[in-house]
Amino acid sequence: MGILVFGHDAQGPENMMPGAMMSLIEPVVAARDAARAARDFSSAATQFGVSYFQARHYRRPPGQLTAARHWAAGGLVERRCVAGWIGGTSHRYICFDVNPLVEPIARGMTRYRFSDFAPRRDRRFGDYWDAMSEGRIGDALGVTAYGYDGAVASLHIGFADPEIDSGIAEALHSAGTILAERLLREPLGPDNAAGGAALSARERDAIGFVAEGKTDWEIATIMGVAETTARFHVDNARRKLGAVNRAHAVARLMALGL
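Residues numbered from 1 in each chain as written. Predicted model: local features only at pLDDT ≥ 70, side-chain atom pairs only at ≥ 80, totals over all residues. Heavy atoms only, no water.

So, the overall build of the protein
Put simply, the test is: A run of H or I in DSSP counts as a helix once it spans at least four residues, and a run of E counts as a strand once it spans at least two, with each numbered from the N terminus. Contact definition: two residues touch when any of their heavy atoms are within 4.5 Å. Per-residue and other accessible areas follow the Shrake-Rupley method at a 1.4 Å probe size, with only the shown protein chains counted as cover for residues.
Of regular secondary structure, the protein possesses 12 helices and 7 strands. Pairs at least 24 residues apart make up 65% of the contacts formed inside the protein by residues separated by at least 6 positions. Surface accessibility of the protein: about 11900 Å² in total, with carbon and sulfur atoms responsible for 51%.

Here is the structure:
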């Protein structure tokens, strides 16, 4: 990334962090609510080459954290991305087939780079980065804050250029932490989602397992319930989502950001 100018003096990367950080923090502090803070932060971040932004506030699902459960937790607050990418084949792949970001959340990490858990030189993640590139993400920063009763606020800040300047990364991580903490102060909705259907935790888990291709018997075994109970949770979720069948329910779930 080239030299940025703050005021009248050009500064190198090692000196740009304070000015960059303040340009990100000020809109977060000034915003009237957390949702507006996330939008303003996202707008301010574009000047530093940010091509993708997502903010979520949700309750961590019980039990072992999986890609499907992580997605089903919902809580989308703000997202800026390539039009049409969300819900497409490449996006589904990184959400459900290969999602290395479950690890830092499971470990309670507060800041990281996506490439820390999906090294670009590792051939196992070649398809992952190909899918990410369709969303104009060459690498990304993760910022996560943890609150009471399993509350989680997380930011994903993506760059088309995989070489993220270290000063800009530090500014975004630090300012992003302030935004994440502000998100945590907001009350969680009944379904942990912005504008989503009021699914129970069991219903979200059940339809999440449907998204993974599990049968009713497999869902029942995983959840420790009878097969009829598992089917009941799936059907309830389908009705609440206004879906005509299970495939439609999964599509609605993804479209709502749950």
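Observations regarding the environment of Met-109
Note that Met-109 resides in the loop between helix 5 (102–106) and strand 5 (111–113). Once the C-alpha coordinates of Met-109 and Ala-145 are considered, the two residues, 36 residues apart in sequence, prove to be 8.5 Å apart. Discounting chain neighbours no more than four positions away, the residues touching Met-109 are Pro-104, Phe-117, Thr-144 and Tyr-146.

Considerations on the sheet that holds strand 7 (residues 151–159)
What counts is decided by this rule: What makes two strands pair is DSSP finding at least two bridges between them. Here the axes come from fitting lines to C-alpha atoms, over the contacting stretch only for helices, and the angles between their N-to-C directions go from 0 to 180 degrees.
Strand order in the open sheet formed by 5 strands is 4-3-7-6-5, and the pairing between neighbours is antiparallel. The two strands at the open ends of the sheet, each matched to only one other strand, are strand 4 (76–80) and strand 5. Along the sheet, successive strands turn relative to each other by an average axial angle of 10°, direction set aside. Where strand 5 lies against strand 6 (residues 139–146), 3 bridges are found, and the strand directions are antiparallel. Note that in strand 6 the partner of Arg-111 across the bridge is Val-143.

Quick notes on the pairing of strand 6
Stated precisely, the cut-off is as follows: Partly exposed describes any residue whose relative accessible area lies between the buried limit of under 20% and the exposed limit of over 50%, with all areas from a 1.4 Å probe on protein chains only and scaled to the type maximum.
Judged by how many residues are buried, strand 6 sits mostly within the fold: 7 of 8 residues are covered. Pairing analysis gives 8 bridges linking strand 6 to strand 7, with the strands arranged antiparallel. Considered in strand 7, the bridge of Gly-142 is made with His-156. Turn length for the strand 6-strand 7 hairpin, with the two strands adjacent in sequence and antiparallel, is 4 residues, and the turn residue Asp-149 shows positive phi of about 55°.

Quick notes on the nonpolar core
Let me state the cut-off plainly: Residues grouped as a nonpolar core are buried Ala, Val, Leu, Ile, Met, Phe, Trp, Tyr and Cys residues, joined through side-chain atoms within 4.5 Å.
Judged by nonpolar contacts, the single largest core of 34 residues is most densely connected at Leu-24, Phe-41, Leu-155, Ile-157, Phe-159, Leu-172 and Leu-179. Contributing elements (two or more residues each) for this core: helix 1 (17–30), helix 2 (34–45), strand 3 (50–59), strand 6, strand 7 and helix 8 (166–184). Tallying contributions element by element places helix 8 first for this core, with 9 residues. Leave out the neighbours within four places in its chain, and Leu-155 touches Phe-53, Gln-54, Ala-55, Leu-141, Gly-142, Val-143, Gly-176, Leu-179 and Leu-183. Of all hydrophobic cores here, the second largest spans 27 residues; its members include Ala-67, Ala-73, Ile-105 and Ala-131.

Regarding the packing of aromatic side chains
As a reminder of what qualifies: The aromatic pairing rule takes the rings of Phe, Tyr and Trp, using the six-membered ring of Trp, and pairs them if the centres are within 6.5 Å, calling planes under 30 degrees apart stacked, those over 60 edge-to-face and the rest tilted. Lysine and arginine charges are scored as sitting over a ring when NZ or CZ, respectively, is within 6 Å of the ring centre and within 35 degrees of the ring normal.
Summed over all chains, the structure comprises 7 aromatic pairs. Cluster of aromatic residues (ring-pair linked, three or more members): Tyr-112, Phe-114 and Phe-117. A cation over an aromatic ring shows up here: Arg-120 above the ring of Trp-129, its NZ or CZ 4.7 Å from the ring centre.

With respect to the side chain of Gln-54
What counts is decided by this rule: Polar contact is the term for a pair of N or O atoms within 3.5 Å; when the atoms are in protein, one must be able to donate a hydrogen and the other to accept it, and sequence-neighboring residues count only if both atoms are side-chain atoms.
Within the secondary structure layout, Gln-54 lies in strand 3. Its relative accessible area of 6% is what places Gln-54 among the buried residues. Side chain to side chain, Gln-54 and Tyr-52 meet in a polar contact 3.0 Å long. In terms of polar contacts, Gln-54 uses its side chain to reach the side chain of Arg-79, at 3.1 Å. Each residue touching Gln-54, except ones within four places of it in the same chain, is listed here: Leu-76, Glu-78, Arg-79, Ser-154, Leu-155 and His-156.

Overview of helix 10 (residues 216–223)
Going by this rule: Starting at the helix axis, one direction is taken to each C-beta atom, and the arc is that of these directions.
Of the residues making up helix 10, those classed as buried are Asp-216, Ile-219, Ala-220 and Met-223. The buried residues of helix 10 occupy an angular sector of 100° when projected down its axis, which confines them to one face. In the segment just after helix 10, Gly-224 is the residue with positive phi, at about 75°.

Some words on the confidence of the model for the protein
A low pLDDT score tells you not to read the predicted coordinates there in detail. Test applied: Values of pLDDT, which run from 0 to 100, indicate the predictor's confidence residue by residue.
When pLDDT is averaged across the protein, the result is 84; 87% of the residues are at 70 or more. The low-confidence segment residues 1–14, where pLDDT is below 50, has 18 contacts with residues more than four positions distant or belonging to other chains.

Some points on the packing of helix 9 (residues 201–211) against helix 11 (residues 227–240)
Quick reminder of the rule: Here is the rule for angles: anything less than 35 degrees is roughly parallel, anything more than 145 is roughly antiparallel, 65 through 115 is roughly perpendicular, and the remaining ranges are oblique.
Closest axis-to-axis distance for the helix 9/helix 11 pair is 8 Å, and the angle between their directions is 95°. Taken as axis vectors, helix 9 and helix 11 run roughly perpendicular relative to one another. Touching Arg-202, Glu-203, Ala-206, Ile-207 and Val-210 of helix 9 are His-233, Val-234, Asn-236, Ala-237 and Lys-240, all from helix 11.

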